[in-house]
Amino acid sequence: MKTALYQIAYQIGIHPTKMAKLVREGEITGEVPGDNPQSKEAWVDLLSLRNFIEWQREQGRLDEAAYLKAIRHIERTLDSR
């Protein structure tokens with residue numbers, strides 16, 4: 001399930017430019033046409049993003065509050081579809 005990169009990035013506390021870089025590097029599944037994270041065609045896969053967030057938490061790179069906020073927004077977006 002995919003969603004607009006610029007919408008979910010701000011909700012979970014990651015700058016769209018940083019998320020676009022993660023997409024380009026293959027850390028998160030998605031697409032950033034024209035290297036523009038604000039583009040309406042730029043998207044990320046929510047399941048891939050959730051896995052990435054969980055992996056960041058397991059590695060100790062994300063604190064509990066940021067992790068819970070990100071998962072809550074991802075789940076809310078998944079449920080609304």
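Refer to the structure above for everything that follows.
The following refers to the structure shown.

Analysis parameters
Residues numbered from 1 in each chain as written. Predicted model: local features only at pLDDT ≥ 70, side-chain atom pairs only at ≥ 80, totals over all residues. Heavy atoms only, no water. Helix = DSSP H or I, 4+ residues; strand = E, 2+ residues; numbered from the N terminus. Buried < 20%, exposed > 50% of the residue type's maximum accessible area, 1.4 Å probe, protein only. Contact = heavy atoms within 4.5 Å. Areas by Shrake-Rupley, 256 points an atom, 1.4 Å probe, with all protein chains shown as cover. Lys, Arg positive; Asp, Glu negative; His and termini not counted. Charge placed at Lys NZ, Arg CZ, Asp CG, Glu CD. Pairing = 2+ DSSP bridges. Axes fitted to C-alpha atoms, helices over the stretch in contact; angles between N-to-C directions.

What follows deals with the overall build of the protein. A tally of regular secondary structure across the protein gives four helices and three strands. When the helices and strands of the protein are placed in sequence order, the string is β-α-α-β-β-α-α. In terms of overall dimensions, the protein has a C-alpha envelope of 35 × 25 × 15 Å along the principal axes. Per-residue burial over the protein gives 41% buried out of 81 residues. Of the contacts made within the protein by residues no fewer than 6 positions apart, 51% connect residues no fewer than 24 positions apart. Here the protein displays about 4900 Å² of accessible surface, and carbon together with sulfur accounts for 47% of that area. Taking the average place of the 12 positive charges on the side chains of the protein and the average place of its 12 negative ones, the gap between the two points comes to 5 Å.

Relative to the helices and strands, Lys18 resides in helix 2 (residues 16-24). When the C-alpha positions of Lys18 and Leu46 are compared, they lie 16 Å apart, and in sequence the two are 28 residues distant.

Quick look at the sheet that holds strand 3 (residues 43-45) now. Overall, antiparallel pairing links the three strands, which are arranged 1-3-2 in an open sheet. Strand pairing shows two members of the sheet lacking a second neighbour, strand 1 (2-4) and strand 2 (30-31), which therefore form its edges. Note: strand 1 against strand 3, three bridges, orientation antiparallel. In the sheet register, Lys2 faces strand 3, and the bridge partner there is Asp45. Of the strands in this sheet, strand 1 and strand 3 are in contact with helix 1 (residues 5-12), which crosses strand 1 at around 85°.

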